[in-house]
Amino acid sequence: MSLIEQAAKRLEELRLAGVAIPEAATPPGLPPAASLPSEVAAASPHAPARHPQPDEAVVPPPATGDSGPSRRVELDLAALSASGIIRPDAPRSQVADEYRVIKRPLIANAMGKGAAPIANGNLIMVTSALPGEGKSFTAANLAMSIAMELDNTVMLVDADVSRPSLLRMMGLPPAPGLLDILVDESIDLRQVLLRTNVEKLSILPSGTQHARATELLASDAMARLLEDMASRYSDRIIIFDSPPLLVTTEARVLASHMGQVVVVVKAEGTAQGDVKHALAAIEGCPVRLMLLNQAKTGAQGSYGYGYGYGYGG
Ligand SMILES: Nc1ncnc2c1ncn2[C@@H]1O[C@H](COP(=O)(O)OP(=O)(O)OP(=O)(O)O)[C@@H](O)[C@H]1O
Ligand SMILES: [Mg+2]
């Protein structure tokens, strides 16, 4: 049985088990959905614990006017791998195989090789209806998986500015980033962007905590930055770890600038109504992809995904 067939079968099993999978998520002409077996959903000893505390950026932003090269950080690939994040130098793994299937259409759309050209297709937002569905985990894995491609470079952005977790998840200390650029437009993206030991992966932290962080994320300055990113880095795929759609308003505003939105749905954890509302909130986005995370049958975890395409403003 092919991967897609297995996945389709798995999703059907989930449907029968009562897991809500909206019809809208299945576009004509594409595999209905896929779900792939995975061990990753099982707790791993290094899995980072959930923390309500945001990362506090303690390092001051660099002096303005300096557009020198980005700072380089070391990712501990072994620790990341132990917490379920793909490592680019490892031999084929099941998780890597899963993300290989998931990333293909995203890359095609981003590079203008999809069915139709997509405005800002290289801006990909990872969100969910509610907190704790696996957005940051998915964003990190997608970024790592895409960074393994020969042709693609990736920027992973922590846009969950009021509850950032990406740096902690990647084992990195707090650092200036997105909020610093939004507060002071004379700071250039390159000054706060972190290059990593994964050659094609750079990380933009959420930055120094700000009382009006959520307003900044929904601001005109952010809209300008996104347009700038989409054009200036059009050869780069930019993945945004984002706040959940149903408990924040800024996530919707952010989604309205994105070419593609991945909605992570925690299997057997998210009510069908919530998924529908979340999809409705991003109706205007050209490409919407649903990813079923941590679906389980017996002792085995699995991912699933399905696609929802819609065209509009
Ligand atoms: N498929 C998975 N396999 C293993 N662990 C997972 C998986 N998905 C999520 N996790 C773990 O579950 C926890 C919650 O996931 P994550 O932080 O990605 O959720 P989130 O949607 O970003 O949450 P928040 O809304 O609070 O930002 C993390 O510890 C993460 O490592
Ligand atoms: Mg998160």
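Residues numbered from 1 in each chain as written. Chains lettered and ligands numbered in written order. Predicted model: local features only at pLDDT ≥ 70, side-chain atom pairs only at ≥ 80, totals over all residues.

### Considerations on helix H4 (residues 135-147)
Here is step 1 of the chain: Given a rise of 1.5 Å per residue, 13 residues ought to cover 18 Å, and the 18 Å separating the end C-alpha atoms of H4 matches this to within 8%.
Here is step 2 of the chain: With respect to burial, H4 is a largely interior element, 13 of its 13 residues being buried. (Helix = DSSP H or I, 4+ residues; strand = E, 2+ residues; numbered from the N terminus. Expected span 1.5 Å × (residues − 1). Buried ≥ 20, exposed ≤ 12 C-beta atoms within 10 Å, placed from the backbone.)

### Focus: the pairing of strand S3 (residues 123-128)
Here is step 1 of the chain: Across the six residues of S3, six count as buried, placing the element largely inside the fold.
Here is step 2 of the chain: On S3, burial covers both faces: Leu123, Met125 and Thr127 on one face and Ile124, Val126 and Ser128 on the other are all buried.
Here is step 3 of the chain: Across four bridges, the pairing between S3 and strand S7 (residues 236-241) is parallel. The residue bridging Met125 from the neighbouring strand is Phe240, located in S7.
Here is step 4 of the chain: Taken together, the five bridges between S3 and strand S8 (residues 260-266) define a ladder with parallel strand orientation. Its bridge partner being in S8, Met125 is matched across the sheet by Val261. (Pairing = 2+ DSSP bridges.)

### Overview of the environment of Ser145
Here is step 1 of the chain: Of note, Ser145 is situated in helix H4.
Here is step 2 of the chain: For Ser145, a count of 25 C-beta atoms within 10 Å translates into the label buried.
Here is step 3 of the chain: Between the alpha carbons of Ser145 and Ile102 there is a distance of 9.6 Å; along the sequence they are 43 residues apart.

### Here's the deal with unusual backbone geometry
In terms of backbone geometry, most residues other than glycine have negative phi values and most peptide bonds are trans.
Here is step 1 of the chain: With a phi angle near 55°, Asn120 is a residue other than glycine that sits in the positive phi range.
Here is step 2 of the chain: As for its placement among the helices and strands, Asn120 is situated in the loop between helix H3 (94-110) and S3.
Here is step 3 of the chain: One non-glycine residue, Glu268, lies in the positive phi region at around 55°.
Here is step 4 of the chain: As for its placement among the helices and strands, Glu268 is situated in the loop between S8 and helix H11 (272-281).

### Observations regarding the nonpolar core
Here is step 1 of the chain: Formed by 79 residues in total, the largest nonpolar core has its most connected members in Ile124, Ala140, Ala143, Leu156 and Ile239.
Here is step 2 of the chain: Counting residues per element, this core draws most heavily on H4, which supplies eight residues.
Here is step 3 of the chain: Apart from the residues within four sequence positions on either side, Ala143 is in contact with Val154, Leu156, Leu201 and Ile239. (Core = buried A, V, L, I, M, F, W, Y, C linked by C-beta atoms within 7 Å. Contact = placed C-beta atoms within 7 Å.)

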